[in-house]
Amino acid sequence: MKKRVIVWFRRDLRLADNPALTAALGGGFDSIVPVFIHAPDELGDWAPGGAQRVWLHFSLEALAAQLDSLGSRLIVRTGPTQETLDELIEESGASAVYWNRLYDPLTIARDKKIKKHLDDSGMETASFQSHLLYEPWTVETKQGKPYKVFTPFWKSVRDRTISAPLAAPNTMPQVWSRIGSRSLASLDLLPRIDWDKEIREAWTPGEDGAHDRLEQFLDDAIENYDNDRDRPARHGTSYLSPHLHCGEIGPRQIMHRLEEWLDEHSGKALQDHAASFRSEIGWREFAHHVLYHFPDTPEKPLDERFEAFPWSGDDEGLKRWQRGQTGIPMVDAGMRELWATGYMHNRLRMTVASFLTKNLRVAWQHGERWFWDTLVDADLANNTLGWQWATGCGADAAPFFRIFNPARQGERFDADGEYVRRWVPELAKLENRHIHEPWKAPAKALKAASIRLGTDYPEPIVDLKASRREALEAFDRIKKSD
DNA sequence: GAGCAATTCGA
DNA sequence: CGAATTGCT
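Computed from a predicted structure; not experimentally measured. (Residues numbered from 1 in each chain as written. Chains lettered and ligands numbered in written order. Predicted model: local features only at pLDDT ≥ 70, side-chain atom pairs only at ≥ 80, totals over all residues. Heavy atoms only, no water.)

It is worth spelling out the UniProt feature "domain: Photolyase/cryptochrome alpha/beta" (unreviewed entry) in chain A at this point. The sites that UniProt annotates as "domain: Photolyase/cryptochrome alpha/beta" (unreviewed entry) are residues 3–133. The span residues 3–133 carries 42% helix and 21% strand; its end-to-end C-alpha distance comes to 32 Å. (UniProt positions renumbered as here; feature names shortened; annotations may be inferred. Helix = DSSP H or I, 4+ residues; strand = E, 2+ residues; numbered from the N terminus.)

Okay, here's the thing in structure tokens:
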């Protein structure tokens, strides 16, 4: 009797360091059926957004090509997942299903149900850790509770040993030709109008693209990480987030390769830069930890007092924010970068989130949703943590009064206005000293730069100082009403 | 460089 | 008890 196993791919679209795949290859099976099941309905409100879908399309295309080159084949199906797995089991005669674990609430619930169903019908099932360095349930405070503050979380886990990543297979068993697959195109992941051009040009989804990015980061950017990662005009960050989201590379591989690289490049300064980068990977772990233990946080503030926060309900403000027409250069630059490319530099993510929630006092869930639909790296854990952090209703005791001033942010991190000029070209001719606050520029300076405020570029839709004060007052009220 | 405004977390 | 991502006026 032939033994066959289904490897159920999800957001682990890689061959190297893929424990489910490795277990299947080492499990004495005669055949392996690699399958991806597209079932966005099962993710409720958090089905992949527009930009994510584009990424997923190309990532699946890359995985399919890799499997082809090893003599295997990616089977693509659509949900419902449980029924689809049942059909595949029937068609292939598989006796086992293996997969790698994910941690968002709806996926956990679905996977549990499917595991029980498969177990009950006599299948062998196994799930594996590959998406995170530290399983959320293995990390707790001395009181046995989940962590709510990053630093103690990170201190408690960062010295744990990380096992070596698994090698990619050199060859794989053929997939029975009778097992049919849908075409990728039929999943309808790509947009009808080609707004995704910039995404295609700027990125290479897939496992090879992910590793190239990591190498590029090590070669070019890590030596200045602490200084350059906050400067949006530079390429100072790793750009690994969308690759990590789809699991084209895993955190274990990143950490391992980093150590290997550091062994070849010594220096105290480099160690510091590497520590900062590691802690960013740590933030991703922390975000998953918090989402796992507080599964309501995509919708609800962790700090319950914020349920009563007097949001403005400013629809017009939200629209202008989305379109990059707020009249605040840094905010508009960030929002336009997002709209044009599906990506936004992290420094700007904090700045625009602070502006939306504090200065416009629009509920953070609206911004979270917009990011979800537009970001190519939209990730439920990271997006949720980021928005709650920026709002001040999240995991740490950060004071609400820590409100970003977009003009100060511009002066500090985009001093020469390069980033603003790139994304808000109508301000291109304005001198550096006015570029982050055009409303304060003298008439002469505006004229010299051919800018008519309110015509060529909007007047600020809100007064930064007054709106900051009002936000603080609103926070005072919910604090006292507790 | 202090004050924001005292709070919550976590050892 | 000390500490708390990345701030602003």
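Following the structure, the description resumes.
The next subject is the side chain of Thr-384. Within the element layout of this structure, Thr-384 appears in helix α16 (residues 380–391). Not counting residues up to four positions away in its chain, the partners in contact with Thr-384 are Thr-297, Pro-298, Glu-368 and Asp-379. (Contact = heavy atoms within 4.5 Å.)

As a further point, take the protein's contact with DNA strand C. Around DNA strand C, the structure places 17 residues, and the nearest of them are Thr-151, Trp-283, Trp-389, Arg-402 and Ile-403. Counting only the atoms of DNA strand C that lie within 4 Å of the protein, the sugar and phosphate share comes to 60%. Arg-347 places a side-chain nitrogen or oxygen 3.3 Å from a phosphate oxygen of DNA strand C. In this structure, a phosphate oxygen belonging to DNA strand C sits 3.1 Å away from a side-chain N or O atom of Arg-412. Looking at the surface near DNA strand C, the elements that each hand over two or more residues are α14 (346–359) and α17 (406–413). In terms of residue count, the dominant contributor to the surface near DNA strand C is α17 (3 residues). For the surface near DNA strand C, a count of residues per class yields 8 nonpolar, 3 polar and 6 charged. (Near = heavy atom within 4 Å. Polar contact = N/O pair within 3.5 Å; in protein donor to acceptor, adjacent residues only side chain to side chain. Nonpolar A, V, L, I, M, F, W, Y, C, P; charged D, E, K, R; others polar.)

Inspection of the secondary structure puts Glu-368 in helix α15 (residues 364–374). Apart from residues no more than four positions distant in its own chain, Glu-368 is found in contact with Trp-46, Pro-298, Asn-383, Thr-384 and Trp-387.

Turning to helix α2 (residues 50–69), a few remarks are in order. In a regular helix each residue adds 1.5 Å, so 20 residues correspond to 28 Å; α2 covers 29 Å between its end C-alpha atoms and thus fits that length. Of the residues trailing α2, Gly-71 is marked for its positive phi of about 90°. (Expected span 1.5 Å × (residues − 1).)

Burial of strand β2 (residues 31–38) is extensive: 8 of the 8 residues sit out of reach of the surface. Burial of β2 is two-sided: the residues Ser-31, Val-33, Val-35 and Ile-37 facing one way and the residues Ile-32, Pro-34, Phe-36 and His-38 facing the other way are all buried. The pairing of strand β1 (residues 4–9) with β2 spans 6 bridges and is classified as parallel. Across the sheet, residue Arg-4 finds its bridge partner in β2, namely Ser-31. With helix α1 (residues 19–25) bridging β1 and its parallel neighbour β2, the resulting β-α-β unit is right-handed. Between the parallel pair β2 and strand β3 (residues 75–78), the chain is carried across by α2, and the sense of this crossover is right-handed. (Buried < 20%, exposed > 50% of the residue type's maximum accessible area, 1.4 Å probe, protein only. Pairing = 2+ DSSP bridges. Right-handed = clockwise from strand over helix to strand, strands pointing away.)

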